[in-house]
Amino acid sequence: EAGVTQFPSHSVIEKGQTVTLRCDPISGHDNLYWYRRVMGKEIKFLLHFVKESKQDESGMPNNRFLAERTGGTYSTLKVQPAELEDSGVYFCASSHTRPDRRYGYTFGSGTRLTVV
Amino acid sequence: AQKVTQAQTEISVVEKEDVTLDCVYETRDTTYYLFWYKQPPSGELVFLIRRNSFDEQNEISGRYSWNFQKSTSSFNFTITASQVVDSAVYFCALIGTDSWGKLQFGAGTQVVVTP
């Protein structure tokens, strides 16, 4: 089975620009999560989709971040306008149940975002 | 509130040495799950182990072993006879019953294994 796919793998943008990250979960996984790790700190939860609905978006840092999951398949995370402190690695994860009681979550390889 | 502490920022060892990564957690939940993930230089997060709060049995998988002690709220991870391929960042994480959607991660421990 294909894993969780994220792209781009790297993105370098200037402050004030817009960037859209994409995540394709494992087929059939209703639960999709976004996390990020900034400046070598801990990985922090951003939000959780169940199908196309936002179940929990308490980790979204501010209204410059917009996540969508149209049709309950892939998800996008848009940062507009990007700021320097948004630099970090953005991870996507998916699971069939919450949490997956055998394997936790399946994570993608992450998107490394650098804002200059 | 839940918290996971990995006090060791970086550990450097020479190949074949053992290395133990500490993880201390805080939660008010009686039912919770603990995880270890590995992040190699390629970037992805690789699941290593999951342990629920009712199972304190230690586990060994090849060169990896885990010591779960509920009395001290610790879930430590040992790599025996380390290899260069073990070089990675290792994260400990927790899910409690009041936050089924969220993994609470520690800050991670960078392990550097030199030949």
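Residues numbered from 1 in each chain as written. Chains lettered and ligands numbered in written order. Predicted model: local features only at pLDDT ≥ 70, side-chain atom pairs only at ≥ 80, totals over all residues. Heavy atoms only, no water.

## Structural notes on the environment of B:R50
Residues and elements named next belong to chain B.
Now for step 1: Among the secondary structure elements, R50 is positioned in strand β6 (residues 46-52).
Now for step 2: R50 gets classed as partly exposed once you look at its relative accessible area, which sits at 22%.
Now for step 3: Distance from R50 to L94, taken between C-alpha atoms, is 9.4 Å for residues 44 residues apart in sequence. (Helix = DSSP H or I, 4+ residues; strand = E, 2+ residues; numbered from the N terminus. Buried < 20%, exposed > 50% of the residue type's maximum accessible area, 1.4 Å probe, protein only.)

## Re the pattern of salt bridges
Now for step 1: Across all of its chains, the model carries nine salt bridges over all chains by this definition.
Now for step 2: A salt bridge links A:R22 to A:D24; the nearest nitrogen and oxygen atoms lie 2.8 Å apart.
Now for step 3: The class of A:R22 is partly exposed, set by a relative accessible area of 25%.
Now for step 4: Across the salt bridge formed by A:E42 and A:K44, the nearest N and O atoms sit 4.0 Å from each other.
Now for step 5: Residue A:E42 is classed as partly exposed on the basis of its relative accessible area of 24%.
Now for step 6: Among the charged side chains, a network of salt bridges with common partners joins B:R51, B:D55 and B:E59. (Salt bridge = Lys/Arg side-chain N within 4 Å of Asp/Glu carboxyl O.)

## Quick word on the confidence of the model for chain A
Now for step 1: Per-residue confidence for chain A averages 91 on the pLDDT scale, and 93% of its residues sit at or above 70.
Now for step 2: Of all secondary-structure elements in chain A, the lowest mean pLDDT belongs to strand β10 (residues 106-107) of chain A, at 88, while strand β8 (residues 75-79) of chain A reaches the highest, 98. (pLDDT = per-residue confidence, 0-100.)

## Quick look at unusual backbone geometry
Now for step 1: The residue after A:F7, namely A:P8, is reached through a cis peptide bond having omega 5°.
Now for step 2: For A:P8, the location among the structural elements is in the loop between β1 (5-7) and β2 (10-13).
Now for step 3: In the segment running from A:Q80 into A:P81, the intervening peptide bond is cis, with an omega of -10°.
Now for step 4: Not every positive phi belongs to a glycine, and A:K51 is a case in point at roughly 55°.
Now for step 5: Counting through the fold element by element, A:K51 comes out in the loop between β5 (43-50) and β6 (53-56).
Now for step 6: The partly exposed category is assigned to A:K51, whose relative accessible area is 43%.
Now for step 7: Even without being glycine, B:A81 reaches a positive phi, approximately 50°.

## Topic: the sheet that holds strand β3 (residues 19-24) of chain A
Residues and elements named next belong to chain A.
Now for step 1: What the four strands build is an open sheet, ordered β1-β3-β8-β7; its pairing is antiparallel. Each of the sheet's edge strands pairs with one partner strand only, and the pair in question is β1 and β7 (65-68). Sheet twist, expressed as the mean angle between neighbouring strand axes with direction ignored, is 15°. (Pairing = 2+ DSSP bridges. Axes fitted to C-alpha atoms, helices over the stretch in contact; angles between N-to-C directions.)

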